[in-house]
Amino acid sequence: MTGTSLRLLLLQRLLPAMLALLLAGAGTAYWVAWGSATKAYDRALFDATLAVAEQLRVVDGRLQLPLTPQARAVLLTDKFDEMFYAVRGPAREILDGEPGLPLPPPTSPRLAGGEGRVYYDAFLNGRPIRIAALQREIAGQPVTVLAGETLVKRNALVREIILGMLLPELLLILVAVAVVWFGVRSGLRPLSALRQALADRSPSDLRPVEVVVPEEIRPVVTEVNGLLQRLDDSLASQRAFVSDAAHQLRTPIAALQAQVEATLNESPAAERPRLDGILGATQRLAHLVDQLLALARAEPSSTQTQPEIALADVARRVAETWLPAALKKGIDLGFELAPAHVRGNDLLLQELLGNLLDNAIRHTPAGGTITVACGSDDGRAWLAVEDSGPGVPPAERGRVFERFYQTPGSRSEGCGLGLAIVRRIARQHDAVADVDSSPRTGGARFVVRFGAAGQPAP
């Protein structure tokens with residue numbers, strides 16, 4: 001089952017909160033920046049209305065604004081915006097300036113009572129502008145002075161303030177993402193060490209894991225060690241049960257076989273065929289018990305040592321046991337032994353090769369050939385047994401290592417455990433057991449290829 005990456009999980013929970021803070025910060029920055037820019041530039045507009053109001057004169061009972069062309073140019077000059085002004089009389093008639101400048105709303109509180117100033121937004125020729133309005137009395141006549149400008153420099157100032165506030169926040173988000181990404185990688189390094197410690201173990205190594213991890217991960221390591229201990233106890237109980245049961249069966253089976261052989265020697269010829277069948281069945285039962293004992297020994301055990309063993313020596317010791325059986329069938333049992341070393345259990349390796357030879361002798365016809373070979377390729381040892389028997393069909397090669405499985409049409413009297421024991425012992429030694437066709441004899445060729453644990457010693 002595949003889970004979500006811890007980095008992505010943290011980023012999924014962290015980024016939305018940080019983006020929300022960024023948007024809130026952007027809104028606050030915009031509000032503060034707009035308020036600051038509005039206040040600063042509104043004061044400048046109000047100064048323009050004061051300057052125009054100071055120039056108003058009453059001539060012949062009429063209000064006039066005697067501005068020279070130079071003074072008018074100075075009043076309307078701005079580097080970024082267009083400037084406008086207007087002066088309206090008591091009847092709101094235009095006395096001077098831009099007639100399109102709108103008057104302030106009549107409900108403006110600061111103009112109540114006939115005097116005061118007010119700022120408001122309006123449109124002139126379809127463009128948004130900001131206007132400052134000043135109302136006062138000159139020679140007993142109410143006058144409204146308007147000064148307006150476009151919003152170019154105000155918007156520019158707002159953008160500068162927002163960028164100045166948001167860029168550090170964006171950098172902070174990027175730094176936070178980088179800290180999460182690399183921080184999680186650093187924080188998970190103890191888990192990588194734990195994973196590597198478990199991956200480097202063989203199936204037989206059930207010792208507790210000893211890896212330095214943070215306190216938050218310590219309960220996981222404790223549970224893993226508890227599971228390994230329970231698994232070791234369960235395997236030990238299983239091995240003990242199979243071994244005890246096989247040992248208990250050995251004595252009565254041996255006694256039964258001895259009695260059948262004695263009866264066979266003393267019985268008349270007419271009874272011998274039936275007794276031969278009973279003796280064969282008893283021998284097969286004894287062989288099955290021996291196989292069960294071997295299978296129990298082949299189960300993973302955390303107490304097994306791993307000394308260096310020469311495969312050629314294993315082959316010589318096994319040959320002493322199986323050579324008589326081969327000679328009895330007239331089989332030519334040969335050896336091609338090259339230097340090859342593995343680390344493992346000597347008795348189990350003998351059992352592995354013994355089962356391969358037992359299988360080969362059972363399926364090789366009288367007068368056939370069996371060859372035991374060992375060697376090393378690219379620093380990895382291998383052990384092979386090939387025979388001149390019927391071989392294993394390609395469709396059955398993946399199943400011959402299963403327990404109690406025999407190929408269809410097989411006339412062997414085996415119990416179907418020998419090759420299962422071979423695979424079990426091979427796995428315990430970090431090896432792989434395989435079967436194909438022998439190019440020399442035309443029969444089956446069983447090969448056990450050892451992995452890293454099977455490399456020769458320096």
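Residues numbered from 1 in each chain as written. Predicted model: local features only at pLDDT ≥ 70, side-chain atom pairs only at ≥ 80, totals over all residues. Heavy atoms only, no water.

1. Some words on the overall build of the chain
Line of reasoning, step 1. Along the backbone of the chain there are nine helices and 14 strands.
Line of reasoning, step 2. Here the chain holds 458 residues, and 38% of them are scored as buried.
Line of reasoning, step 3. For the chain, the proportion of contacts with a sequence separation of at least 24, taken over those separated by at least 6, is 63%.
Line of reasoning, step 4. Approximately 25900 Å² of the chain is accessible, and the part contributed by carbon and sulfur atoms is 58%. (Helix = DSSP H or I, 4+ residues; strand = E, 2+ residues; numbered from the N terminus. Buried < 20%, exposed > 50% of the residue type's maximum accessible area, 1.4 Å probe, protein only. Contact = heavy atoms within 4.5 Å. Areas by Shrake-Rupley, 256 points an atom, 1.4 Å probe, with all protein chains shown as cover.)

2. Some details on the sheet that holds strand β9 (residues 332–337)
Line of reasoning, step 1. Taken together, the five strands give an open sheet; going across it, the order is β9-β11-β12-β14-β13, and neighbouring strands pair in mixed fashion. The two strands at the open ends of the sheet, each matched to only one other strand, are β9 and β13 (431–437). Neighbour-to-neighbour, the strand axes of the sheet open up by a mean angle of 15°, direction not taken into account.
Line of reasoning, step 2. With seven bridges connecting them, β13 and strand β14 (residues 444–450) associate as antiparallel partners. Residue pairing across strands places Asp-434 opposite Val-447, the latter belonging to β14.
Line of reasoning, step 3. Docked against the sheet, helix α8 (residues 346–363) engages β9, β11 (369–377), β12 (380–387) and β14, running at close to 25° with respect to β12. (Pairing = 2+ DSSP bridges. Axes fitted to C-alpha atoms, helices over the stretch in contact; angles between N-to-C directions.)

3. Focus on the pairing of strand β3 (residues 83–88)
In regular strands, side chains alternate between the two faces of the sheet.
Line of reasoning, step 1. Among the six residues that make up β3, six are buried, leaving the element largely enclosed by the rest of the structure.
Line of reasoning, step 2. Of the two faces of β3, the one lined by Met-83, Tyr-85 and Val-87 and the one lined by Phe-84, Ala-86 and Arg-88 are each fully buried.
Line of reasoning, step 3. Where β3 and strand β7 (residues 141–150) come together, six bridges link them in antiparallel fashion. Looking across to β7, one finds that Phe-84 is bridged to Gly-148.
Line of reasoning, step 4. Pairing of β3 with strand β4 (residues 94–97), which is carried by three bridges, proceeds in the antiparallel orientation. Across the sheet, Ala-86 pairs through a bridge with Gly-97, a residue of β4.

4. With respect to the nonpolar core
Line of reasoning, step 1. Grouped together as the largest cluster of nonpolar side chains are 41 residues, with contacts concentrated most on Leu-353, Val-448 and Phe-450.
Line of reasoning, step 2. Of all the secondary-structure elements, those providing two or more residues to this core are α7 (311–328), α8, β11, β12, α9 (418–428), β13 and β14.
Line of reasoning, step 3. The greatest single-element share of this core, amounting to eight residues, is contributed by α8.
Line of reasoning, step 4. Each residue touching Phe-450, except ones within four places of it in the same chain, is listed here: Leu-311, Val-342, Leu-349, Arg-380, Ala-381, Trp-382, Leu-383, His-429, Asp-430 and Ala-431.
Line of reasoning, step 5. Within the second largest apolar cluster, 19 residues are counted, among which are Leu-67, Ala-132, Ile-138 and Val-145. (Core = buried A, V, L, I, M, F, W, Y, C linked by side-chain atoms within 4.5 Å.)

5. Focus on the packing of aromatic side chains
Line of reasoning, step 1. Per the stated rule, a full pass over the model turns up one aromatic pair.
Line of reasoning, step 2. Relative to Phe-446, the ring of Phe-401 has its centre 6.1 Å away and its plane inclined at 80°; by these criteria the two rings are edge-to-face. Highlighted residues: Phe-401 in the loop between β12 and α9 and Phe-446 in strand β14, separated in sequence by 45 residues. Residue Phe-401 shares its accessibility class with Phe-446, and that shared class is buried.
Line of reasoning, step 3. Its end group placed over the ring of Phe-46, Arg-117 keeps NZ or CZ at 4.4 Å from the ring centre. (Phe/Tyr/Trp six-rings, centres within 6.5 Å; stacked < 30°, edge-to-face > 60°. Lys NZ or Arg CZ within 6 Å of the ring centre and 35° of its normal.)

6. Some words on the sheet that holds strand β5 (residues 116–124)
Strand pairing within a sheet occurs via backbone hydrogen bonds; the two strands may be parallel or antiparallel.
Line of reasoning, step 1. One open sheet accounts for five strands, arranged β4-β3-β7-β6-β5; its pairing is antiparallel. Every other strand in the sheet has two partners, leaving β4 and β5 as the edge strands with one partner each. On average, each strand axis in the sheet is tilted by 20° relative to the strand beside it, whichever way the strands run.
Line of reasoning, step 2. For strand β6 (residues 127–138) and β7, the ladder comprises ten bridges, and the chain directions are antiparallel. Bridge assignment links Ala-133 to a residue of β7, and that residue is Leu-146.

7. Description of the pattern of salt bridges
Line of reasoning, step 1. Overall, the coordinates contain 16 salt bridges when judged by the stated rule.
Line of reasoning, step 2. Its salt-bridge partner being Lys-153, residue Asp-78 comes within 3.3 Å of it at the nearest N-O pair. A residue pair is termed long-range when its members are at least 10 positions apart, and Asp-78 in the loop between α2 (69–75) and β3 and Lys-153 in helix α3 (residues 152–187) qualify at 75 residues.
Line of reasoning, step 3. Residue classification places Asp-78 among the partly exposed residues on the basis of a relative accessible area of 28%.
Line of reasoning, step 4. Between Glu-149 and Arg-154 there is a salt bridge, with the nearest N and O atoms lying 3.2 Å from each other.
Line of reasoning, step 5. Taking the relative accessible area as the measure of exposure, Arg-154 reaches 2% and is therefore buried.
Line of reasoning, step 6. Because the salt bridges share partners, they merge into one network encompassing Asp-42, Asp-78, Asp-81, Asp-121, Arg-130, Glu-149, Lys-153 and Arg-154. (Salt bridge = Lys/Arg side-chain N within 4 Å of Asp/Glu carboxyl O.)

8. What to know about unusual backbone geometry
Line of reasoning, step 1. In this structure, Arg-92 is a non-glycine residue whose phi angle is positive, near 65°.
Line of reasoning, step 2. Along the chain, Arg-92 turns up in the loop between β3 and β4.
Line of reasoning, step 3. One non-glycine residue with positive phi stands out, namely Asp-430, at about 55°.
Line of reasoning, step 4. Inspection of the secondary structure puts Asp-430 in the loop between α9 and β13.

9. Here we look at the environment of Asn-359
Line of reasoning, step 1. Structurally, Asn-359 is set in helix α8.
Line of reasoning, step 2. Taking relative accessible area as the criterion, Asn-359 reaches 17% and is therefore assigned buried.
Line of reasoning, step 3. When the C-alpha atoms of Asn-359 and Val-385 are compared, they prove to be 9.7 Å apart, with 26 residues separating the residues in sequence.
Line of reasoning, step 4. Excluding residues within four positions of it along the chain, Asn-359 makes contact with Leu-419 and Phe-446.

10. Describing the confidence of the model for the chain
Line of reasoning, step 1. For the chain, the average pLDDT comes to 80, and 87% of its residues sit at 70 or higher.
Line of reasoning, step 2. When the criterion is pLDDT under 50, residues 453–458 qualifies, and its contacts beyond four places in sequence or with other chains add up to 16 contacts. (pLDDT = per-residue confidence, 0-100.)

11. Examining the packing of α8 against α9
Line of reasoning, step 1. Between α8 and α9, the least distance of the axes is 9 Å, while the angle of their chain directions is 150°. Accordingly, the angle class assigned to the pair α8 and α9 is roughly antiparallel. Two packed elements cross with a definite hand, and for α8 against α9 that hand is left-handed. When α8 is examined against α9, the residues Leu-348, Leu-349, Glu-351, Leu-352, Asn-355, Leu-356 and Asn-359 are found in contact with a partner set consisting of Gly-418, Leu-419, Ile-421, Val-422, Ile-425, Ala-426 and Gln-428. (Parallel < 35°, antiparallel > 145°, perpendicular 65-115°, else oblique. Left-handed = near helix turned anticlockwise from the far one by under 90°.)

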